[in-house]
Amino acid sequence: MPQAQTAAGDGPIIRIRGLKKSYGVHTVLNGIDFDVAPSQVVVVIGPSGSGKSTFLRCCNGLEQPEGGTIDICGHRLVDQGVMLKESALNALRTEVGMVFQSFNLFPHLSVLHNITLGPRKLRGVSQQDAEAAALALLEKVGLAHKAQAMPASLSGGQKQRVAIARALAMRPRVMLFDEPTSALDPELVGEVLQVMKMLASEGMTMVVVTHEMGFAKEVADVVVVMDGGVIVETGTPQTIFSSPTQPRTRAFLQAVL
Ligand code: ADP
Ligand code: MG
């Protein structure tokens, strides 16, 4: 079978077919088909336990699926459930930035060091260049004045903005966000969503798992509804929020809106 090797720039950034993942006898992803085009913002919603985090982790090579294919920028990350070997996987991982609910900053490193570590170790960027790029990213997320701060001294919203800057420092082709504002006090949610909106407006390709329906309505090109390990419905925010066709979408929206 010919393998699509799409040149970077055209073709989907993420292309997934028949993705399956189980933990023991428990099937968590049961045949997911999913495409993300360049500069698209896809928001994934659905009840707790529906497989959203597992799905994102598969896109990043953090989970080993049992079946299906995953192509990132035309390169096969998972082929019929078999993942690339570690060396190739690391190269592909640098294309996919990930931001977690719990920030996951290195607590013993300064903000600047958190951001420069990946580019220096994984991309071979010089310390000077890495620091210049990190400072520009901190400027962008409004935290240039925190370059020398330690993570523990930051608010949750500031930590998450640093985590976004750190992911961007690897110059990813796509950013995955797993409930990036769920751990934040309500008054800190806005500053993080603001940074994400800015990225979207600059054309960053993004997959965002979130319960922030306002963000989905405003920013998403496509909303994907997951339930029980499958995609139950895909549509524009307009369709999903105003006239969902699937009972499971309606039930979920009734519970959260
Ligand atoms: P969501 O992010 O939509 O809440 P998850 O992907 O975290 O869903 O989880 C989907 C299902 O997989 C849940 O039933 C969860 O308990 C199970 N699960 C997730 N991670 C693991 C794991 N490492 N081991 C066993 N079960 C897991
Ligand atoms: Mg989750």
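Please refer to the structure placed before this passage.
As a starting point, this report considers the structure included with it. (Residues numbered from 1 in each chain as written. Chains lettered and ligands numbered in written order. Predicted model: local features only at pLDDT ≥ 70, side-chain atom pairs only at ≥ 80, totals over all residues. Heavy atoms only, no water.)

### Structural notes on the packing of helix α3 (residues 111-122) against helix α4 (residues 127-140)
It is at 9 Å that the axes of α3 and α4 come closest, and there the two elements cross at 125°. Between α3 and α4, the angle is such that the two are oblique. Where α3 crosses over α4, the two elements pack in a sense that is right-handed. From α3, V111, L112, I115, T116 and R120 reach across to α4, where they touch Q127, A130, E131, A134, L135 and L138. Residue composition of the contact of α3 with α4, grouped by class: 7 nonpolar, 2 polar and 2 charged. (Axes fitted to C-alpha atoms, helices over the stretch in contact; angles between N-to-C directions. Helix = DSSP H or I, 4+ residues; strand = E, 2+ residues; numbered from the N terminus. Parallel < 35°, antiparallel > 145°, perpendicular 65-115°, else oblique. Left-handed = near helix turned anticlockwise from the far one by under 90°. Contact = heavy atoms within 4.5 Å. Nonpolar A, V, L, I, M, F, W, Y, C, P; charged D, E, K, R; others polar.)

### Here we look at helix α1 (residues 52-59)
Most of α1 is tucked away: 6 of the 8 residues are buried. Turning to α1, its buried residues number three or more, namely K52, T54, F55, L56, C58 and C59. (Buried < 20%, exposed > 50% of the residue type's maximum accessible area, 1.4 Å probe, protein only.)

### Some words on the site of ligand 1
Around ligand 1, the neighbouring residues are Y23, H26, V28, P47, S48, G49, S50, G51, K52, S53 and T54. At a separation of 3.1 Å, an oxygen atom of ligand 1 approaches a polar backbone atom of G51. The contact in question runs from an oxygen atom of ligand 1 to an N or O atom on the side chain of T54, over 2.5 Å. For ligand 1, the protein covers 59% of the area, taking 560 Å² as the surface of the free molecule. Those elements that provide at least two residues to the shell around ligand 1 are β2 (26-36) and α1. Here the shell around ligand 1 takes 3 residues from α1, the largest share from any one element. Considered class by class, the residues forming the shell around ligand 1 number 3 nonpolar, 7 polar and 1 charged. (Near = heavy atom within 4 Å. Polar contact = N/O pair within 3.5 Å; in protein donor to acceptor, adjacent residues only side chain to side chain. Areas by Shrake-Rupley, 256 points an atom, 1.4 Å probe, with all protein chains shown as cover.)

### Brief notes about the side chain of T94
Mapped onto the elements of the fold, T94 is located in the loop between α2 (86-93) and β7 (96-99). With a relative accessible area of 11%, T94 lands in the buried category. For T94, the side chain forms a polar contact with the main-chain oxygen of A91, separated by 2.6 Å. In this structure T94 touches R123, M170, R171 and P172, once residues within four positions along its chain are discounted.

### Topic: the layout of surface pockets
Any empty space left between atoms is shown by rolling a water-sized probe over those atoms. Here the largest pocket is characterised by a volume of approximately 590 Å³. Lining the largest pocket are 23 residues; nearest its centre among them are R93, V96, M98, L122 and M170. Elements that contribute at least two residues to the lining of the largest pocket include exactly α2, β7, α3 and α5 (156-168). It is α3 that contributes the most residues to the lining of the largest pocket, 5 residues altogether. Partitioning the lining of the largest pocket into residue classes produces 14 nonpolar, 7 polar and 2 charged. Looking at the second largest pocket, its volume works out to about 260 Å³. Taken together, 14 residues form the lining of the second largest pocket, with A133, L137, L168, A169 and R171 sitting closest to its centre. Of the residues forming the lining of the second largest pocket, the biggest block, 5 residues, is contributed by α4. (1 Å grid on protein atoms, 1.4 Å probe; cavity = no way out; pocket = protein on both sides within 12 Å on 5 of 7 lines; lining within 4 Å. Points joined across faces, edges and corners; volume = space filled by probe spheres on them.)

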